[in-house]
Amino acid sequence: MSETTTRRQFIDRTCRVIGLTALGGAAGLLARRASAHAVFQVDPVKCTACDLCRTSCVLSLSAVKAVNEFSKCGYCRLCPAYMDVTSQPDEKGIPSGKVCPQDALKRRVVGREDPDDPNNNYYEYTVDEARCTGCGKCVKACKPPAGNGSLRLEIRYDRCVGCNECGILVTCPSTAIVRVLTPGLSPTAAPGGEPHA
Amino acid sequence: MWPLILLVLAFASSALLAQYQRKPPDFGGTYTFPTPTHPEPRASVERALDMVMLGAGLGLGAYLILKRRTRAGVVLLSIAAIAYFGFYRKGCTCPIGAIQNVTLALVDPRYLISFGVLVFFFLPLVAALLVGRVFCGAVCPHGAVQDLVLLRPKKVPERVDRVLRWLPYVYLAVVVLFAGWGLPIVAEGGKALVGRRFLICEWDPFIGLFRITGSFHMLAIGAGFIVAGMFYGRPYCRWLCPYGALLSLCSRVAWKNVSITPDKELSCGLCAESCPYDAIHDFQADRASCVACARCYDSCPRHVKLRRGQPVALKLYRRSQAGTGVS
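Residues numbered from 1 in each chain as written. Chains lettered and ligands numbered in written order. Predicted model: local features only at pLDDT ≥ 70, side-chain atom pairs only at ≥ 80, totals over all residues.

## A look at unusual backbone geometry
Link 1 in the chain: Look at the link from A:Pro144 to A:Pro145: it is a cis peptide, with omega at 0°.
Link 2 in the chain: Mapped onto the elements, A:Pro145 comes out in the loop between α3 (137-142) and β5 (151-155).
Link 3 in the chain: Geometrically, the link from B:Cys92 to B:Thr93 is a cis peptide bond, its omega value of 15° lying close to zero.
Link 4 in the chain: Residue placement: B:Thr93 occurs in the loop between α3 (71-88) and α4 (95-107).
Link 5 in the chain: Positive phi outside glycine occurs at A:Tyr75, with the angle close to 60°.
Link 6 in the chain: Mapped onto the elements of the fold, A:Tyr75 is located in the loop between β2 (64-68) and β3 (105-110).
Link 7 in the chain: Using a count of 24 C-beta atoms within 10 Å as the deciding quantity, one classes A:Tyr75 as buried. (Helix = DSSP H or I, 4+ residues; strand = E, 2+ residues; numbered from the N terminus. Buried ≥ 20, exposed ≤ 12 C-beta atoms within 10 Å, placed from the backbone.)

Put into structure tokens, the structure is as follows:
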């Protein structure tokens, strides 16, 4: 191997230096704008509960689940999100059908239990996440004036894989899915969501 | 006048709605209102771990490929990469997809790019400038899947390969276009028909395998690439991967590259026969197309690997020489 540099070696070395500088420069430029990690979030004000969250998520069981905000819930016995008010009434006159096709909205009695009339009670409504598909039927039924609007669709981060491009974000007709910065999750945290068409 | 009427109406309707808001009764201290749980997104420690694993994989890969020159080591590292970056991280974040994020970040200053994505994009490129396509050989889960399913590598005709070799660059241009600007085709309703899309993510062949779920077209493409990969080595890497195009450009001028023979070249051509990716030209690894799979080392007669007291490659060499009548 000769001591002097061959032309090939010189070209290689120059290109290498240019390449490293270019990569380093671009990386530095972008790093100044780099954020902490961003996650996807549903804006409950814009969400229309259109059922696309169930089908557009890349996971077979969507990472979007219904969540009940207990402080807003009415704890009603005739919950429009729990029972399908158009279904056949049972012998006590209460609609027998359920809104949730997976029977994921569960309820339990709280407070004083009326032994003579089991339906004259207040109920705590919770969502069974193992069953919930994120279809949004309960969310739609809970919207005012029929309900209090305490149920909303939310992306659950223990299930969300964190895709580069959220499959639901692309299809959402009301652009209700935005990317927000963590920590401090809130719909208003991000200075503008992902500018998708 | 009108704004005032609208304002009054708005207040009135919200007052009407408020009267419909049902409040639960005061349970008198026997019941505390629960707060809904909000699972935390991936902790920053775990995201840092991803970057550490990437760096470690690249470093270890470079050591195993260039220093230890062992195929077995590369296979083990590939399996570990499939386990971590493939099945555990479900293939996301990957440097291939990061092309789109970086493009979008350069085009649109509003776009929030994550620091981890930057590391995933730039680190393998820097590594390629220094030690060649170590990422392809040891760390990329897509490449590892194809490398491990390879059964009987067939040679692709030179004419076909000459055309296919340009596809990664074409695909790179297309994905950069779609990630940065999209195609401004507008439908009747005024909504853009094909806006900005992350094509790499939508058409990734192996992500369905790693997520163990997916739409029909993704699973079908994945199956197609795996079947093709059994006979034509690494079809995605050689003829489609846009990141491979970038790595290939960097690897051409790499500081250290795969040198097949430890000392002198015999011009026997055994290495070229063993390479499933047609990456050996003139008895040397072609720096652009060598994916650092480390298969060629064991075929070199100078690479002594003792088994039952005799170098294996030397046996092969002598056998090939005996066939041609030269002792």
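## Brief notes about the interface of chain B and chain A
Link 1 in the chain: Taken together, the contact between chain B and chain A spans 53 residues of the former and 49 residues of the latter.
Link 2 in the chain: Among the secondary structure elements, those contributing two or more residues to the side of chain B that touches chain A are α1 (2-20), α4 and α5 (115-131) of chain B.
Link 3 in the chain: Take the side of chain B that touches chain A: its biggest share by element is seven residues, from α5(B).
Link 4 in the chain: Per-class residue counts for the side of chain B that touches chain A are 30 nonpolar, 13 polar and ten charged. (Contact = placed C-beta atoms within 7 Å. Nonpolar A, V, L, I, M, F, W, Y, C, P; charged D, E, K, R; others polar.)

## Side note on the confidence of the model for chain B
Low-pLDDT stretches of the model should not have their predicted coordinates read in fine detail.
Link 1 in the chain: Averaged over every residue, the pLDDT of chain B is 86; residues scoring 70 or more account for 88%.
Link 2 in the chain: Reported for the predicted complex are a pTM of 0.82 and an ipTM of 0.78. (pLDDT = per-residue confidence, 0-100.)

## As for α3(B)
Turn by turn, an α-helix covers 3.6 residues, leaving residues three or four places apart pointing in a common direction.
Residues and elements named next belong to chain B.
Link 1 in the chain: With 18 residues, α3 should reach 26 Å at 1.5 Å per residue; the first-to-last C-alpha distance of 24 Å fits that figure.
Link 2 in the chain: Where α3 bends most, at Ile82, the angle is about 25°.
Link 3 in the chain: Listed as buried for α3 are Val74, Leu77, Ser78, Ala81, Ile82, Phe85 and Gly86.
Link 4 in the chain: Residues of α3 that are buried sit in contact with α2 (44-68), α6 (134-139), α7 (141-149) and α11 (207-211).
Link 5 in the chain: Residue Lys90 follows α3 closely and has a positive phi angle near 55°. (Expected span 1.5 Å × (residues − 1). Bend = angle between axes of the 7 residues up to and from the residue.)

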